[in-house]
Amino acid sequence: MTYKVFIDGRHGTTGLKIDERLAGRADVEVLTIPEDKRKDPAVKAEYINAADVVFLCLPDAASKESVALLAAGNTRTRFLDASTAHRANPDWVYGLPELHGQRERLRSSQRIAVPGCHATGFILTIAPLVAAGLVPADYPLTCTSLTGYSGGGKEMIADYEGQGALPDHMLSPRIYALGLGHKHLPEMQALTGIAHAPIFSPVVGPFAQGMLVSVPLLPRLLNGLTPEAVHAELKRYYADEACVKVMPLGGGEVVEAGFLPATRCNDTNRAELFVFGHAGQILLVARFDNLGKGASGAAIQCMNIALGCDELTGLAV
């Protein structure tokens with residue numbers, strides 16, 4: 001069977017990567033809207049309602065406008081929204097199949113919200129621990145996330161790649177969202193079940209893609225929780241998952257001369273989870289490609305599940 005796919009926002013960073021990942025698939029026909037009709041609501045409605053799957057790679061408001069173009073009674077077309085618009089909306093299924101129960105919901109859903117990149121790492125590390133009672137819902141969590149500049153979209157990519165030698169202020173990593181109101185916070189809280197949003201510090205680095213999301217824990221506030229117990233629970237939770245790999249306690253040989261590079265999962269849909277620490281401190285780290293498991297790869301994985309295809313079709317792990 002051939003599925004018709006429409007990428008609304010095909011020329012953005014995520015849209016281009018989805019298009020690239022679909023190229024060559026015999027089971028997919030990508031519908032291409034004429035350039036001069038991309039913003040014509042009537043024409044766009046035709047493409048949306050002709051498709052089996054619509055990827056929304058748009059700003060939040062535009063995503064909502066596109067969803068509104070679905071014809072009454074159309075129960076066939078599935079939306080996969082890569083924007084922030086619907087991630088905390090209970091009427092949409094959150095597209096992280098590795099969470100218990102989500103895969104079954106994805107199989108029957110017509111509306112799927114693709115997770116944010118920073119949120120993916122935080123949720124993968126914390127949700128199992130909260131569910132198991134190892135971390136209480138009211139624990140004061142913090143999170144630091146280092147990402148490549150491609151996560152900022154076309155404008156940020158142009159800033160880093162379009163002006164020759166970088167100015168001094170862009171040569172180092174830069175913390176942003178200093179108002180402590182990053183748009184991924186609602187999903188980070190909702191999908192982990194924590195009582196309060198974490199203090200979240202995203203950092204953009206002078207490299208194109210790759211991601212490290214780190215979350216510290218203090219055993220003295222967690223009844224003496226040990227790194228071994230955390231590691232065992234993550235191993236148990238993700239034991240059957242192909243796209244989430246729990247690495248050896250302490251990182252093993254993956255740690256390169258004491259360093260953990262951000263780029264080793266690039267061009268895959270793999271997320272690697274690490275547990276470091278000792279009796280006094282624990283550090284959780286998720287490493288993945290911000291354009292892979294953090295965006296387009298996650299979108300393709302969810303599409304595969306929703307359509308009943310092999311979950312890993314078109315994805316490298």
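Summary of the structure given here. Because the structure is predicted, anything quoted here is derived from the model rather than measured.

Conventions we followed
- Residues numbered from 1 in each chain as written.
- Predicted model: local features only at pLDDT ≥ 70, side-chain atom pairs only at ≥ 80, totals over all residues.
- Heavy atoms only, no water.
- Pairing = 2+ DSSP bridges.
- Helix = DSSP H or I, 4+ residues; strand = E, 2+ residues; numbered from the N terminus.
- Contact = heavy atoms within 4.5 Å.
- Axes fitted to C-alpha atoms, helices over the stretch in contact; angles between N-to-C directions.
- Phe/Tyr/Trp six-rings, centres within 6.5 Å; stacked < 30°, edge-to-face > 60°.
- Buried < 20%, exposed > 50% of the residue type's maximum accessible area, 1.4 Å probe, protein only.
- Polar contact = N/O pair within 3.5 Å; in protein donor to acceptor, adjacent residues only side chain to side chain.
- Core = buried A, V, L, I, M, F, W, Y, C linked by side-chain atoms within 4.5 Å.

1. Overview of the sheet that holds strand 11 (residues 244-246)
The strands that make up a sheet are held in pairs by hydrogen bonds between backbone atoms, and each pair lies either parallel or antiparallel.
Item 1. The strand order across the open sheet built from seven strands is 8-9-7-10-13-12-11, with neighbouring strands paired in mixed fashion. The sheet terminates laterally at strand 8 (174-175) and strand 11, the two strands that pair on one side only.
Item 2. Pairing between strand 7 (residues 142-148) and strand 9 (residues 199-205): seven bridges, direction parallel. Within the sheet, the bridge partner assigned to Thr-147 lies in strand 9 and is Val-204.
Item 3. Sheet strands touched by helix 8 (residues 227-237): strand 11, strand 12 (271-277) and strand 13 (282-288). Its angle to strand 12, the strand with the most contacts, is close to 165°.

2. Remarks on the packing of aromatic side chains
Item 1. As enumerated under the stated definition, the model contains four aromatic pairs in all.
Item 2. Seen from their ring centres, Phe-6 and Tyr-47 are 5.6 Å apart, and the 40° between their planes marks the pair as tilted. Taken as a pair, Phe-6 in strand 1 (residues 3-8) and Tyr-47 in helix 2 (residues 41-50) lie far apart in primary sequence, 41 residues in all.
Item 3. With relative accessibility at 2%, the residue Phe-6 sits in the buried group.
Item 4. Consider the rings of Tyr-237 and Tyr-238, whose centres lie 4.8 Å apart with planes at 70°: the pair is edge-to-face.
Item 5. For Tyr-238, a relative accessible area of 3% puts it in the buried group.

3. Considerations on the side chain of Arg-287
Item 1. By the element assignment, Arg-287 lies in strand 13.
Item 2. In terms of polar contacts, Arg-287 uses its side chain to reach the backbone carbonyl oxygen of Pro-261, at 2.8 Å.
Item 3. In terms of polar contacts, Arg-287 uses its side chain to reach the side chain of Glu-272, at 2.8 Å.

4. A word on unusual backbone geometry
Item 1. In the Ramachandran plot, Ala-177 falls in the positive-phi region, its phi being about 55° despite a non-glycine side chain.
Item 2. Relative to the helices and strands, Ala-177 resides in the loop between strand 8 and helix 7 (185-190).
Item 3. Accessibility expressed as a relative area gives 25% for Ala-177, which makes it partly exposed.
Item 4. Notably, Asp-267 is not glycine yet its phi reads approximately 65°, a positive angle.

5. Side note on the nonpolar core
Item 1. Counting residues in each nonpolar core, the largest one holds 39 residues, and the members touching the most others are Phe-122, Ile-126, Leu-141, Leu-217, Val-230, Tyr-238 and Leu-284.
Item 2. Sorting the residues of this core by element identifies helix 5 (117-131), helix 7, strand 10 (211-217), helix 8, strand 11, strand 12 and strand 13 as the ones contributing at least two each.
Item 3. Among the elements that take part in this core, helix 5 stands out by supplying nine residues, more than any other.
Item 4. Residues Ile-18, Val-28, Val-114 and Ile-300 belong to the second largest nonpolar core, which totals 24 residues.

Everything listed here is a matter of coordinates, which is why it stays silent on function.
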